[in-house]
Amino acid sequence: MKIRTLIVDDEPLARDRLRQLLQDEKNIEITGECADGLEAVAAIRKTAPDLLFLDVQMPEIDGFGVLEALGTVPMPVIVFVTAYEQFAVRAFEVHAVDYLLKPFDRERFKKALRRAIDQVGNREGGVFQQRQSACSTICCHPDWR
Amino acid sequence: MTIKNVLQSRWIKWLLWFVFWTLIGLSFAFQFYISSAKAGLEVTWKQAVSYALGDWYVFAVLSIPVVWLARRFDFESGNRARSLAVHLPASLVFSLGYMILRAWVGRWQSEASFVEAFQPLLVKTWHFNLLIYWVIVAVSFAFDYYRKYRERELRTMELEKQLAQAKLQALQMQLNPHFLFNTLHSISSLMHQDIEAADGMITQLSDLLRTALDSSDTQEVTLRQELEFLQRYLKIEQTRFGSRLSVKTDIAPDTLDARVPNLILQPLVENAIRHGIEPHAKPGRVELRAKREAGTLVLEVCDNGAGLRKDVPSEERVGLSNTRARLRTLHGEAHGFELRDAPGGGLLVRLVIPFRKENSGT
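As the structure is a prediction and not an experimental result, all values here were calculated from the model.

What follows covers the overall build of chain A. What chain A contains, in helices and strands, is 6 helices and 5 strands. Reading the helices (α) and strands (β) of chain A from amino to carboxyl end gives β-α-β-α-β-α-β-α-β-α-α. Sequence-distant contacts, at least 24 apart, represent 62% of the contacts inside chain A between residues at least 6 apart.

This part takes up the pairing of strand β1 (residues 3–8) of chain A. Residue and element names in this part refer to chain A. Burial analysis of β1 places 5 of its 6 residues in the buried class, which makes it a mostly covered element. In terms of strand pairing, β1 meets strand β2 (residues 28–34) through 6 bridges, oriented parallel. For Thr 5, the partnering residue across the bridge sits in β2 and is Ile 30. Judged from the 4 bridges that link them, β1 and strand β3 (residues 51–54) form a sheet pairing that is parallel.

Counting 77 residues, the largest nonpolar core has Val79(A), Phe80(A) and Val269(B) as the members making the most contacts within it. Sort the elements by how many residues they give to this core and helix α7 (residues 223–241) of chain B lands first, with 6 residues. With near-sequence residues (within four places) excluded, Val79(A) lies in contact with Phe53(A), Ala96(A), Val97(A), Asp98(A), Leu100(A), Ala112(A) and Ala116(A). Trp56(B), Phe94(B), Tyr98(B) and Ala103(B) belong to the second-largest nonpolar core, a separate cluster that totals 18 residues.

Residues and elements named next belong to chain A. Taking strand neighbours across the sheet as the criterion, the 5 strands line up as β2-β1-β3-β4-β5 in an open arrangement whose pairing is parallel. On the outer flanks of this sheet lie β2 and β5 (98–101), each paired with one strand and no other. Direction aside, the axes of adjacent strands within the sheet are offset by 20° on average.

A few words on the interface of chain B and chain A. Contact residues are listed per partner, giving 20 residues for chain B and 17 residues for chain A. Looking at the side of chain B that touches chain A, the elements that each hand over two or more residues are α5 (177–190) and α7 of chain B. Per element, the largest residue contribution to the side of chain B that touches chain A is 10 residues, and it comes from α5(B). In terms of residue class, the side of chain B that touches chain A is made up of 7 nonpolar, 11 polar and 2 charged.

Glancing now at the pairing of strand β4 (residues 284–293) of chain B. The side chains of a regular strand alternate between both faces of the sheet. Residue and element names in this part refer to chain B. Both strand β2 (residues 245–251) and β4 contribute to a ladder of 7 bridges, which runs parallel. When the bridges of β4 are listed, Asp 250 appears paired with Arg 289. Strand direction decides the pairing type here: β4 and strand β5 (residues 296–303), joined by 8 bridges, are antiparallel. Residue pairing across strands places Lys 291 opposite Val 298, the latter belonging to β5. From the end of β4 to the start of β5, which pair antiparallel, there are 2 residues, and Ala 294 there has a positive phi angle of about 40°.

Moving on, we get to the sheet that holds β4(B). Sheet strands line up and pair through hydrogen bonds in the backbone, either parallel or antiparallel. Residue and element names in this part refer to chain B. Strand order in the open sheet formed by 5 strands is β2-β4-β5-β7-β6, and the pairing between neighbours is mixed. Looking at strand neighbours, the two that pair on one side only are β2 and β6 (336–341), the edges of this open sheet. Shown here is a sheet whose adjacent strand axes are inclined to one another by a mean of 10°, direction ignored. Running at roughly 165° to β2, α7 makes contact with β2 and β4 of the sheet.

Residue and element names in this part refer to chain A. Between the first and last C-alpha of helix α5 (residues 106–124) there are 26 Å, a value that for 19 residues agrees with the 27 Å anticipated at 1.5 Å per step. The set of residues buried in α5 consists of Phe 109, Ala 112, Leu 113, Ala 116, Gln 119 and Val 120. Along the axis of α5, the buried positions cluster into a sector of 120°, meaning they face one direction only. For α5, the exposed residues lying more than 90 degrees away from the buried face are Glu 107 and Arg 114.

Residue and element names in this part refer to chain B. For the pair helix α6 (residues 195–213) and α7, interaxial distance at closest approach is 9 Å and the crossing angle is 135°. Considering their axes alone, α6 and α7 lie oblique with respect to each other. Helix-helix and strand crossings are classified by hand; for α6 and α7 the assignment is left-handed. Of the residues in α7, those in contact with Met 201, Gln 204, Leu 205, Asp 207, Leu 208 and Thr 211 of α6 are Phe 229, Arg 232, Tyr 233, Lys 235, Ile 236 and Thr 239. Of the residues that constitute the contact of α6 with α7, the class distribution is 6 nonpolar, 3 polar and 3 charged.

Cut-offs applied
- Residues numbered from 1 in each chain as written.
- Chains lettered and ligands numbered in written order.
- Predicted model: local features only at pLDDT ≥ 70, side-chain atom pairs only at ≥ 80, totals over all residues.
- Helix = DSSP H or I, 4+ residues; strand = E, 2+ residues; numbered from the N terminus.
- Contact = placed C-beta atoms within 7 Å.
- Buried ≥ 20, exposed ≤ 12 C-beta atoms within 10 Å, placed from the backbone.
- Pairing = 2+ DSSP bridges.
- Core = buried A, V, L, I, M, F, W, Y, C linked by C-beta atoms within 7 Å.
- Axes fitted to C-alpha atoms, helices over the stretch in contact; angles between N-to-C directions.
- Nonpolar A, V, L, I, M, F, W, Y, C, P; charged D, E, K, R; others polar.
- Expected span 1.5 Å × (residues − 1).
- Arc of directions from axis to C-beta.
- Parallel < 35°, antiparallel > 145°, perpendicular 65-115°, else oblique.
- Left-handed = near helix turned anticlockwise from the far one by under 90°.

Shown next as structure tokens:
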């Protein structure tokens with residue numbers, strides 16, 4: 001089964017970049033692209049994607065605002081994609097699986113994607129809950145320091 | 001400066017004034033005593049000092065209106081004829097005034113009547129008084145020139161400081177992670193679709209950085225140069241935002257050679273994009289306008305965002321406060337700078353400065 005993926009970024013070229021990279025992946029299906037926070041909330045509610053590539057600084061509501069607005073809706077696996085490193089700690093707090101700093105190369109992207117695919121797999125295997133609580137106690141992934 | 005300081009400095013000024021004329025008076029008293037003694041005349045020290053101080057304190061009193069006149073009518077090019085027309089009759093009045101006042105004061109120093117005291121003064125001091133008038137005027141000018149020179153020097157320093165600040169701001173904007181890394185990310189994306197466009201964007205980014213890193217301290221550039229710099233910045237932003245950002249320019253051709261402060265528009269346009277365009281999903285528009293209006297150059301930057309908002313954090317306004325300070329230093333009160341809500345919504349920044357062409361001084 002393909003991983004249903006949503007791209008959220010206000011800059012068209014940034015969306016292009018993610019699409020280019022994701023198109024080469026056989027087990028990824030892009031379900032949509034959103035250019036601002038409000039659109040993203042609506043799209044997530046409607047299509048319930050498995051994986052979300054989420055920009056932080058966006059018009060109307062930002063990436064964290066999107067997660068807040070979703071509330072109790074089942075959360076997709078989240079990879080933040082941003083030009084700022086200072087949001088990393090907050091991203092960790094909301095259990096993002098990775099944090100991609102723009103600009104990034106294919107290798108770094110692949111690493112994030114592998115991690116995300118693992119996470120999606122784990123969720124479907126029902127181990128998501130344990131994984132998540134383990135994550136919040138370890139909280140020292142080398143890439144986030 | 002506190003009121004106390006002002007009083008103190010004023011006090012000291014008058015004290016110095018008094019000491020200055022007293023010293024001149026005393027030196028003349030000394031000279032008068034020696035020359036009288038040599039000529040075999042019997043003059044006491046008391047008499048010599050009293051006469052000389054009588055002379056010079058009268059000059060001291062009369063010099064006050066002279067200094068006032070000298071300040072009002074200087075000899076800068078343009079007002080020479082008018083000033084000469086004031087100072088020539090004034091010097092005659094000064095000389096006459098001196099003789100009248102001195103004769104009046106003289107009545108306490110000798111038995112002579114006013115007319116008896118006046119007559120020798122008229123004969124002996126008439127031309128000397130004229131000379132004193134012009135010496136006072138000259139000294140007053142010298143002080144004024146020195147003061148103006150110092151002011152100019154301070155102003156130049158101030159301008160250099162503000163330009164450096166504007167450059168730093170431009171550099172900060174470009175090195176701001178939001179702009180720099182997003183731009184690099186756009187280039188990274190473009191490289192996979194359109195290598196020419198990616199190339200172009202690298203060039204634009206380099207040009208922007210080069211201008212901001214430029215170490216020359218050119219205070220003013222032509223509007224054409226300023227707009228070229230802005231175009232590079234806007235092109236990058238347009239590539240990043242795609243259809244979300246449109247730019248409209250309405251520049252009157254006769255304004256292109258007008259002189260404007262270096263990097264004056266960039267913070268205004270950046271402000272329009274960051275607060276007028278970026279926070280909104282709807283398509284944004286930045287408008288740049290320049291026109292000539294009765295001896296002034298009117299520059300306007302307009303966006304269709306939220307307009308004047310009280311909730312914009314004060315540090316975001318730093319760019320605009322530096323703009324204001326620079327305009328004041330460069331043009332004094334002869335400038336206008338206002339922010340208001342644009343007729344169709346959004347913010348309108350309007351800047352009015354004296355219209356000056358590249359190759360003419362005025």
